Amino acid sequence: MLNPFSVDHISRTPFFMSQDTFDESWKTPLSLLLGLGRAAGADFIEFFVQRRNYLSSLVENGKVTAINPSLSLGAGVRVFKGKEDCYVSTNDLSFQGLKNILEKALDIHSLKIPGNRILTEVNLEPLRDYGLIKRKNNWLSSVSTVKELCETLLQCNEKQKSKTKHLQSVTTNGFRDWQEVLVASSDGIFARDIRLHQSISAQVMCVDGNHRTSAHNRKGEASSPHFFRNLDLDFLSQDLAETAGHMLHAEFVSSGNYPVVLANQFGGVIFHEACGHLLETTAVQGNSTPFRDKKGELIAHENLTAWDEGFWENGFGSLDMDDEGMPGQKTLLIENGILRNFLCDKMGNLLTGHPRTGSGRRQNYTYAPASRMRNTYIAPGNYSKEELLSSIDKGIYCKSLGGGSVNGTGDFNFSVQEAWMIENGKVTKPVKGATLIGQAPDVMKKISMSGNDLDISAGFCGSISGSIYVTVGQPHIKVDSITVGGR
């Protein structure tokens, strides 16, 4: 039932909102503020409230060199009028503080809260509390302590030193990022979530005379407060030591066009960077994607099917709800080469007409949400890794990738951290200095074989709404031809 109220009544009423947790005590104040925004003439109003408890540590060559805790608390309001929106944030979570940012946002649209009249609050749904539903409310008290985190990183550092030959330096770092978020909007959404992302990474530098190489590896996941206690440090360290050992004395690859096999896990970063961003409606809005009018058309090899999932058990990009309060969804992006869906948030839906997919994401309360990827991967096929390799007489096996870049239209280049020659269907010798260079719409049509060994990896993604946690993934895949930079 909607309750009428006056602006005078609001100004005279002290509102209580728990500062310990985002609970039902926030419902009445937020419903009144949303009612004020609607009365001012806004088409849509959304509050996002966030509490964050972050801790990171760095270990270099056997010593803890940095411990960085941080706490933050704040909120933002987004106001739509027609097809335009604006966003204002604050760290003042009092009722008056939230009212102030609402008034600033309304003012940007030249809207004013009417005085001396009876208004109607927005009727919000019963609190949809994923912290309670998914039993996440005790996660912060269950995560590793500062001491445990540092001890784990020191152990990883020592294992790396014992397993890596010609080691010059080794660094390990880890973090945990706990967040409590609350979304309330004028379409009735009232939802709370607890999020926890944890990650460890290690990097080694090896030198032997004039030969030098570096290698990097990362593990990360959401959904488990015991991540650091359950880590397989031997596996992480051995994998990195083997990569560095193989590449230290490798010959440089000759540049040219080759068929390549990209390994599973982090190999999916190329699809993420070169294609995934082009399927976000922010790219459609900006008219910067070659796929903007290709829905329902063949844009990739008919072997290729790709998904973006809101929730993957322990996936680094997993969320029970997005930053607009929409439950996580499994979104089919490409099916047998045909473009089926874009990743779409509230604004993307308004401007492009594509259906929302639970993809509104942001780094923190100082950013407005935008359409972003979550757990993005190429679906597994029917081939074994050996069948992919045996189909190539001379090519490159990219076992792990390094960094790269991609522009707004899909032109990309990625360094290969560990590469091997494929000769007569067999992996033969390591080669270094390889860079994959291509154009997304072209390469998508050349992914002709997908393996049956889908695996995922943790990553970070930077874009218009800040840096967020994502998962990339794929099985082993074969690209029929791609430019490989080398010597």
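Residues numbered from 1 in each chain as written. Predicted model: local features only at pLDDT ≥ 70, side-chain atom pairs only at ≥ 80, totals over all residues. Heavy atoms only, no water.

Novice: Give a description of unusual backbone geometry that names residues and reports values.
Specialist: At His166, a position not held by glycine, the phi torsion is positive, near 55 degrees. Mapped onto the elements, His166 comes out in the loop between α6 (146-163) and β7 (167-185). The partly exposed category is assigned to His166, whose relative accessible area is 39%. In this structure, Asn336 is a non-glycine residue whose phi angle is positive, near 50 degrees. On the basis of relative accessibility, which here comes to 43%, the residue Asn336 falls in the partly exposed class. (Helix = DSSP H or I, 4+ residues; strand = E, 2+ residues; numbered from the N terminus. Buried < 20%, exposed > 50% of the residue type's maximum accessible area, 1.4 Å probe, protein only.)

Novice: Lay out the sheet that holds strand β17 (residues 375-378) in plain terms, naming residues and giving numbers.
Specialist: Backbone-to-backbone hydrogen bonds pair the strands of a sheet. The strands run either parallel or antiparallel. Pairing is mixed across the open sheet formed by 6 strands, whose spatial order is β14-β13-β12-β17-β24-β23. Looking at the sheet topology across the chains shown, the edges are occupied by β14 (338-339) and β23 (455-463). Strand direction decides the pairing type here: strand β12 (residues 306-309) and β17, joined by 4 bridges, are antiparallel. Residue pairing for β17: Ala306 is matched across the bridge by Ile378. (Pairing = 2+ DSSP bridges.)

Novice: Could you give an account of the environment of Pro430, with specific residues and numbers?
Specialist: With respect to the secondary-structure elements, Pro430 resides in strand β20 (residues 426-432). Taking the C-alpha atoms as reference points, Pro430 and His246, 184 residues apart in sequence, are found 6.4 Å from one another. The residues contacting Pro430, other than those within four sequence positions of it, are His246, Met247, Ala250, Glu251, Ala419 and Trp420. (Contact = heavy atoms within 4.5 Å.)

Novice: So, the layout of surface pockets: which residues are in play, and what are the values?
Specialist: In this structure, the second largest pocket occupies an estimated 230 Å³ of space. Around the second largest pocket sit 15 residues that line it, and His277, Val406, Asn407, Gly408 and Ser463 are the ones nearest its centre. Of all elements in the fold, only α8 (269-274), α9 (281-285) and β23 reach the threshold of two or more residues within the lining of the second largest pocket. For the lining of the second largest pocket, the per-class residue count stands at 5 nonpolar, 8 polar and 2 charged. (1 Å grid on protein atoms, 1.4 Å probe; cavity = no way out; pocket = protein on both sides within 12 Å on 5 of 7 lines; lining within 4 Å. Points joined across faces, edges and corners; volume = space filled by probe spheres on them. Nonpolar A, V, L, I, M, F, W, Y, C, P; charged D, E, K, R; others polar.)

Novice: Describe the domain arrangement of the protein chain, listing the residues and the values that go with them.
Specialist: By domain assignment, the protein chain separates into domain 1 (7-51 + 72-133), domain 2 (138-183 + 193-250) and domain 3 (256-485). Just the C-alpha atoms count here: the centres of domain 2 and domain 3 sit 24 Å apart. In this assembly, 26 residues from domain 2 lie in contact with 25 residues from domain 3. Broken down residue by residue, the surface that domain 2 buries against domain 3 is led by Arg195, His197 and Met247, which jointly contribute 26%. (Domains from an automatic or database assignment. Buried area = accessible area lost by both parts, 1.4 Å probe.)

Novice: I'd like a description of the packing of α6 against helix α7 (residues 233-248), backed by residues and values.
Specialist: Contact geometry for α6 and α7: axes closest at 9 Å, N-to-C directions at 40 degrees. The pairing of α6 with α7 is recorded here as oblique in orientation. Crossing handedness for the pair α6 and α7: right-handed. Between α6 and α7, the contacting residues are Thr152, Gln155, Cys156, Lys159, Gln160 and Lys163 on the first element and Leu233, Asp234, Leu236, Ser237, Gln238, Leu240 and Ala241 on the second. Residue classes in the contact of α6 with α7 are distributed as 5 nonpolar, 5 polar and 3 charged. (Axes fitted to C-alpha atoms, helices over the stretch in contact; angles between N-to-C directions. Parallel < 35°, antiparallel > 145°, perpendicular 65-115°, else oblique. Left-handed = near helix turned anticlockwise from the far one by under 90°.)

Novice: I'd love a proper account of the packing of helix α2 (residues 27-39) against helix α3 (residues 95-108), names of residues and values included.
Specialist: At a closest axis distance of 11 Å, the pairing of α2 and α3 adopts a crossing angle of 20 degrees. Classed by the angle they form, the pair α2 and α3 counts as roughly parallel. Crossing hand, α2 versus α3: right-handed. Contacts between α2 and α3 involve Pro29, Leu30, Leu33, Leu36 and Gly37 from the former and Phe95, Leu98, Lys99, Leu102 and Leu106 from the latter.

Novice: Could you give me a rundown of the UniProt feature "domain: Metalloprotease TldD/E N-terminal" (unreviewed entry) in the protein chain, with the residues and numbers involved?
Specialist: Here, UniProt's "domain: Metalloprotease TldD/E N-terminal" (unreviewed entry) annotation points to residues 46-107. Along residues 46-107 one finds 21% helix and 66% strand; the C-alpha atoms at either end are 16 Å apart. (UniProt positions renumbered as here; feature names shortened; annotations may be inferred.)

Novice: Quick one: what's the story with the UniProt feature "domain: Metalloprotease TldD/E C-terminal" (unreviewed entry) in the protein chain, residue by residue and with numbers?
Specialist: Taking the UniProt record as the reference, the feature "domain: Metalloprotease TldD/E C-terminal" (unreviewed entry) is found at residues 255-486. The straight-line gap between the two end C-alpha atoms of residues 255-486 is 4 Å; of that span, 12% is helix and 41% is strand.

Novice: Go over a nonpolar patch on the surface with me, naming the residues and quoting the values.
Specialist: The grouping of Val64, Ile67 and Val146 at the surface amounts to a nonpolar patch, some 210 Å² of accessible area in total. Relative to the helices and strands, Ile67 is located in strand β3 (residues 63-81). (Patch = residues over 30% accessible without salt bridge, like charges linked within 9 Å, V, L, I, M, F, W, Y side chains within 5 Å. Areas by Shrake-Rupley, 256 points an atom, 1.4 Å probe, with all protein chains shown as cover. Salt bridge = Lys/Arg side-chain N within 4 Å of Asp/Glu carboxyl O.)

Novice: Describe the side chain of Arg192, naming the residues involved and giving the relevant values.
Specialist: With respect to the helices and strands, the residue Arg192 is situated in strand β8 (residues 190-208). A polar side-chain atom of Arg192 sits 3.0 Å from a polar atom in the side chain of Asn137. (Polar contact = N/O pair within 3.5 Å; in protein donor to acceptor, adjacent residues only side chain to side chain.)

Novice: Outline α7, listing residues and values.
Specialist: With 16 residues, α7 extends 22 Å between its outermost C-alpha atoms, agreeing within 8% with the 22 Å of an ideal straight helix rising 1.5 Å per residue. Among the residues making up α7, those that are buried are Leu233, Leu236, Ser237, Leu240, Ala241, Thr243, Ala244, Met247 and Leu248. All buried residues of α7 fall inside an arc of 160 degrees around its axis, so they share one side. Elements in contact with the buried residues of α7: α6, β8, β9 (211-222), β18 (394-406), β19 (411-423) and β20. Where α7 starts, the residue carrying a side-chain oxygen 3.3 Å from the main-chain nitrogen of Asp234 turns out to be Asp232. (Expected span 1.5 Å × (residues − 1). Arc of directions from axis to C-beta.)

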